[in-house]
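Now for the letters of each chain:
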Amino acid sequence: TPTPTPTPTPTPTPTPTPTPEAPSDMAVRVLQDLFNDTEEVPPSEILVTIGDVLRNLSANITFPPEVSEQLFNSVSDLIDTVQQMDDIGDGSTDIGSTLLDVMDRFALGPYDPELGELEDTDNIALVHMVQRSFSGDPVEGISRSGNRIVLPGEVFMNVNRPEVPVASFYYRNMNGLLPDSLPGASRNSNTTMRLASPILSSALQCGPAQCNTRDLNLTNPVVLVFRHSQQVVDDLGQQDGRESSVICVFLNLNESSSLNGLISGQWSTEGCTRNDTASNESQTVCECNHLTHFALLLSTTEITLTSAEALSLRIIGVICVAISLICLTATILTYISLKPLWSLRNYIHINLCVSLFVAQLTFIVAVEPSGSVAGCQAVAVLLHYFFLVTFMWMLMEGVVL
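## Considerations on the sheet that holds strand 3 (residues 147-151)
- Ordered by their spatial adjacency, five strands build an open sheet running 2-3-7-12-11, and the pairing between neighbours is antiparallel. Both edges of this open sheet fall to strand 2 (139-144) and strand 11 (272-274), since each of them pairs with a single strand only. Within this sheet the neighbouring strands show an average axis-to-axis angle of 15°, counted without direction.
- Summarising the sheet, strand 2 and strand 3 pair through five bridges and their orientation is antiparallel. The partner of V139 across the bridge, within strand 3, is L151.

## As for the state of the cysteines
- Summed over the entire model, instances satisfying the criterion amount to two disulfides.
- There is a disulfide in this structure between C248 and C286, and the S-S distance comes to 2.0 Å. One quick way to see it: the torsion about the S-S bond of C248 and C286 is about -80°, and its sign makes the bridge left-handed. Taken together, the residues C248 in strand 9 (residues 242-259) and C286 in strand 12 (residues 283-288) connect sequence positions 38 residues apart. With respect to burial, C248 and C286 carry one shared label: buried.

## Notes on the packing of aromatic side chains
- If you walk through the whole model with that rule in mind, you get three aromatic pairs.
- Where F106 meets Y111, the ring centres are 5.4 Å apart and the plane angle is 35°; that geometry is what we call tilted.
- Its relative accessible area of 0% is what places F106 among the buried residues.
- With a centroid separation of 5.2 Å and 75° between ring planes, the pair formed by Y385 and F386 is classed as edge-to-face.

## Quick notes on the pattern of salt bridges
- Across all of its chains, the model carries three salt bridges by this definition.
- One salt bridge connects R274 with D276, and the closest N-O pair in it is separated by 2.5 Å.

## Things to note about the pairing of strand 13 (residues 293-302)
- Along strand 13, eight of the ten residues are buried, which leaves the element largely enclosed by surrounding structure.
- Examined bridge by bridge, strand 6 (residues 199-204) and strand 13 share two bridges and lie antiparallel to one another. Residue L200 lies in a different strand from strand 13, and its bridge partner there is F294.

## Here's the deal with the nonpolar core
- Formed by 53 residues in total, the largest nonpolar core has its most connected members in I50, F63, M103, M174 and W267.
- When residues no more than four places from it in sequence are discounted, the contact partners of F63 are A27, V28, L31, L54, L57, S68, L71, F106, P110 and L115.

## As for unusual backbone geometry
- The phi dihedral of S145 falls on the positive side, at around 55°, and the residue is not glycine.
- Tracing the backbone through its elements, the reader meets S145 in the loop between strand 2 and strand 3.
- S145 gets classed as exposed once you look at its relative accessible area, which sits at 59%.

## Thoughts on helix 8 (residues 344-366)
- The end-to-end C-alpha separation of helix 8 is 33 Å, in line with the 33 Å expected for 23 residues at 1.5 Å each.
- Along helix 8, the residues that are buried comprise N346, I348, H349, I350, L352, C353, S355, A359, Q360, T362 and I364.
- Against the buried residues of helix 8 lie helix 7 (307-337) and helix 9 (373-400).

## Things to note about the environment of D77
- Within the secondary structure, D77 sits in helix 3 (residues 65-84).
- On the basis of relative accessibility, which here comes to 46%, the residue D77 falls in the partly exposed class.
- When the C-alpha positions of D77 and T121 are compared, they lie 8.9 Å apart, and in sequence the two are 44 residues distant.

## Concerning the packing of helix 8 against helix 9
- Two elements in contact, helix 8 and helix 9, have axes whose closest approach is 9 Å; the angle formed by their N-to-C orientations is 160°. In terms of their interaxial angle, helix 8 and helix 9 are classed as roughly antiparallel. Crossing of helix 8 over helix 9 shows left-handed handedness. Taking contact as the criterion, the partners of R345, I348, H349, N351, L352, S355, L356, V358, A359, T362, F363 and A366 in helix 8 are, on helix 9, V379, L382, L383, F386, F387, V389, T390, W393, M394, M396, E397 and V400.

## Notes on the pairing of strand 5 (residues 191-195)
- Across the two faces of strand 5 the burial differs, with T191, M193 and L195 buried and T192 and R194 not buried at all.
- Note: strand 5 against strand 13, five bridges, orientation antiparallel. In the strand pairing of strand 13, T192 is matched with T300.

Rules used throughout
- Residues numbered from 1 in each chain as written.
- Predicted model: local features only at pLDDT ≥ 70, side-chain atom pairs only at ≥ 80, totals over all residues.
- Heavy atoms only, no water.
- Pairing = 2+ DSSP bridges.
- Helix = DSSP H or I, 4+ residues; strand = E, 2+ residues; numbered from the N terminus.
- Axes fitted to C-alpha atoms, helices over the stretch in contact; angles between N-to-C directions.
- Disulfide = S-S within 2.5 Å.
- Buried < 20%, exposed > 50% of the residue type's maximum accessible area, 1.4 Å probe, protein only.
- Phe/Tyr/Trp six-rings, centres within 6.5 Å; stacked < 30°, edge-to-face > 60°.
- Salt bridge = Lys/Arg side-chain N within 4 Å of Asp/Glu carboxyl O.
- Core = buried A, V, L, I, M, F, W, Y, C linked by side-chain atoms within 4.5 Å.
- Contact = heavy atoms within 4.5 Å.
- Expected span 1.5 Å × (residues − 1).
- Parallel < 35°, antiparallel > 145°, perpendicular 65-115°, else oblique.
- Left-handed = near helix turned anticlockwise from the far one by under 90°.

The following block contains the structure:
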């Protein structure tokens, strides 16, 4: 009987070991998944996730241009989303502070402008440049809609690098996403504040990380020009018992006090002053000795008088008007009693004095509130009439002379 040939045992095919995902590919995948689900993810979680991804990236990793554009546009759309939310609460200011920090990290990290410039959106504009010349001359960071930031050459000369990347941002409207007053300003019930300008910022890359530019104490200041909106122009000055002014501020970010991964920020005036010589009703020029995120706050103070001040003004007014009435009476009696002074010109003098006398007498007697609408209307009519008559007789004086 023939011996059966043994069947050879098949050699198992080795299972290929999966190639570990590169950190850059993982970051891109996480961000793209996030951008595809922005409608389902809260804005705060989106920013925290982006911030975590950027912090964990190596310094030499660069995003593909389509990812950079998607991140830039998504953050811009996020501003509109948060501003339209009704139930965001006090957390919106932390969202705004985190957004500014995230964009700085993005612009000085994985974003490479040589692969494609980012076009301005409705909310954000970015100018990224690499400074290679250190002549000491000022350098304009960004300029949009009459708002601009100019960096002194001293900034670059203090950085020990042959090339210094600079990222400058313009945020058109961050209302509702950042604090609307200085710390402690709410203690004064007569003063209200609000954000009254776009946000301008510049950041430098000194090495693998962003420079700590808040402690520069520059000899030559960073110059910021903020163009006033029409609403700010209308609010400036003293109107209807209110006095308004603009304050140059910067946002002091505090990562150690973050809540749920968000970064908090407070406005501060330290190191920033207003250049009154270069400022006017259409623009405000600020000068700061450091770099960060800058803006204007509009401070409006209600002008109120204490009872003692009101009484003092009332007494002074009565005394002054009484002296005027005595002098007018003496003038009228003098012209009437001395017939040699009677002439057309002196008749005009007498009528002028009489109309002014009646107007001031009406003011001193009936100007106090009476509680009667009809009485107030009657006093207003009499005052307008007699002062108008006074101006008419003054015109006659000029014609006759």
